[in-house]
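Summary of the model geometry
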Amino acid sequence: MTKQGPHLTRLGLPDTVRACLFDLDGVITKTAVVHAAAWKEAFDAFLRVREGDGFRPFDPVSEYDEYVDGRPRADGVRSFLASRGIDLPEGSPDDPPDRLTVHGVGNHKNALLLEKIRTGGVEAYEGTLRYVEAARASGLRTAVVSSSANCRDVLRSVGAEALFEVRIDGVVAAERKLPGKPRPDTFLAAAGDLGVEPAQAAVFEDALAGMDAGRSGHFGYVVGVDRVGQADALRAHGADRVVGDLAELGGAA
């Protein structure tokens, strides 16, 4: 249910919120669809080798949303393969992309993703950038929280790195041994680095795993960003409010 009433500020947030924690892919940048395409290519290549040409392809909508979106790379591999009853050896993080291990499949996906980003570029959601600027102008603290190990490079590519005081991404999470979404630990770390309690922070996410993290972390407000027509699912997973773009919340310059 949408929280409404006089306690909401011009940014569409409760007046108790002191910090905003933003997911990257699908919230700040238009890279969620690129991730989905890279996952499909990697999983289909693996399934074809394992099962032959009659394999059941990876669904870049339903299976991506359910098993992969928002999760750390290796967790996404494990989650999807488990849904198909497939058990692979873990391997090691530096496995080559053609190795039939959890990390090998994940590294194949990452190589495909980087190539797609290199050839197609990255775009930011302008509504999000304006909202982040308005939040900072209102005195709110800001952080980016992403499972991507490429987070810093992507932010730099769209000129947005300086908008975020704190970055908790796949690299930082590995260094600190933080479990990824749907666990709330990365969001909790961002709030801690900003010096606020979870109840004083708003989470902005487009992934169901991110909604679960926001709910289980007891954050003050959870905004679901619906880019693909899953508003009901975002609400079911804990969104206090669902918008198609952060410009809908207000605060535009």
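Above this text sits the structure in question.
Residues numbered from 1 in each chain as written. Predicted model: local features only at pLDDT ≥ 70, side-chain atom pairs only at ≥ 80, totals over all residues. Heavy atoms only, no water.

Next up on the list: the pattern of salt bridges. When the charged atoms of two side chains lie near each other, side chains of opposite charge can form a pair. Within the structure shown, the criterion is met by 21 salt bridges. Linking Lys30 and Glu123 is a salt bridge whose minimum nitrogen-to-oxygen distance equals 3.8 Å. Taken as a pair, Lys30 in the loop between strand S1 (19–22) and helix H1 (32–51) and Glu123 in the loop between helix H4 (102–120) and helix H5 (126–137) lie far apart in primary sequence, 93 residues in all. Given a relative accessible area of 52%, Glu123 falls into the exposed group. The partner of Arg156 in a salt bridge is Glu161, and the shortest N-O contact between them spans 2.9 Å. Each member of the salt-bridge network shares a partner with another, and the members are Asp23, Lys181 and Glu205. (Salt bridge = Lys/Arg side-chain N within 4 Å of Asp/Glu carboxyl O. Helix = DSSP H or I, 4+ residues; strand = E, 2+ residues; numbered from the N terminus. Buried < 20%, exposed > 50% of the residue type's maximum accessible area, 1.4 Å probe, protein only.)

Here we come to the pairing of strand S5 (residues 221–225). Burial of S5 is extensive: five of the five residues sit out of reach of the surface. Residues of S5 alternate between two faces, with Tyr221, Val223 and Val225 on one and Val222 and Gly224 on the opposite face, all of them buried. Pairing analysis gives four bridges linking strand S4 (residues 201–205) to S5, with the strands arranged parallel. When the bridges of S5 are listed, Glu205 appears paired with Gly224. Of the crossover connections in this fold, the one passing from S4 over helix H9 (residues 208–216) to the parallel S5 is right-handed. In this fold, the crossover linking S5 to strand S6 (residues 241–243) by way of helix H10 (residues 231–236) has right-handed handedness. (Pairing = 2+ DSSP bridges. Right-handed = clockwise from strand over helix to strand, strands pointing away.)

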